[in-house]
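# Close look at the chain arrangement
Listed below, chain by chain, are the residues.
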Amino acid sequence: MDQFIRKHGEVIQGVLSCFDRMLFRGYLPIMSGAAMADFLQARGVDRWGLKTFLLTQGARLKKHAMEMAAAAGRPYQYLGERTRKEDLARQIAQRDRIDQGLVCVFAVLELSRTFSLVWKEHASFV
């Protein structure tokens, strides 16, 4: 935890300490098509580069997750069907006698909001 705090200290607003466990969930704060258009425009992504950009980012994320699991000697598991992730993680922790640190990494495809972009000359609009 100290290493994480040192690495990301400039954007951390507070630290929570506990004796149990913590679940980290990540998301991009893109709640609308307009926010997605701003996100893409800020990164210089146009309609012709969108697919490549999205596939590249997805591959980077997957590779990083797999590397983190491998570095900790923990399993990386794709869950292709509806699964109670917390229950499965508890089973893995119990099976492998893990009482602290990384238990496993789950990869899942979850439902999310959708929107469409209408591309204009040099900008994208919702």
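Here we summarise the structure given alongside this text. Keep in mind that what you see is a predicted model, and the values were worked out from it rather than measured.

What counts and what doesn't
Residues numbered from 1 in each chain as written. Predicted model: local features only at pLDDT ≥ 70, side-chain atom pairs only at ≥ 80, totals over all residues. Heavy atoms only, no water. Salt bridge = Lys/Arg side-chain N within 4 Å of Asp/Glu carboxyl O. Helix = DSSP H or I, 4+ residues; strand = E, 2+ residues; numbered from the N terminus. Buried < 20%, exposed > 50% of the residue type's maximum accessible area, 1.4 Å probe, protein only. Pairing = 2+ DSSP bridges. Right-handed = clockwise from strand over helix to strand, strands pointing away.

## Quick word on the pattern of salt bridges
Throughout the structure, instances matching the rule amount to five salt bridges. A salt bridge links K63 to E67, with the shortest nitrogen-to-oxygen separation between them at 3.1 Å. Taken as a pair, K63 and E67 lie in helix 3 (residues 50-71) at a separation of four residues, close to a single helical turn. Taking relative accessible area as the criterion, K63 reaches 53% and is therefore assigned exposed. Classification of E67 as partly exposed rests on a relative accessible area of 43%. Linking R90 and E86 is a salt bridge whose minimum nitrogen-to-oxygen distance equals 2.8 Å. One end of the pair is R90 and the other is E86, both in helix 4 (residues 85-95) and four residues apart, which spans about a single turn. Shared partners join several salt bridges into a network, and the residues in it are R74, R95 and D96.

## A few points about unusual backbone geometry
At R97, a residue that is not glycine, the phi angle is positive and equals roughly 55 degrees. Within the fold, R97 resides in the loop between helix 4 and strand 2 (105-108). Taking the relative accessible area as the measure of exposure, R97 reaches 76% and is therefore exposed.

## Here's the deal with the pairing of strand 2
In the sheet, strand 1 (residues 76-79) pairs with strand 2 via four bridges, with the strands oriented parallel. Bridge pairing in strand 2 links Y78 to A107. Each parallel crossover has a hand, and for strand 1 linked through helix 4 to strand 2 it is right-handed.

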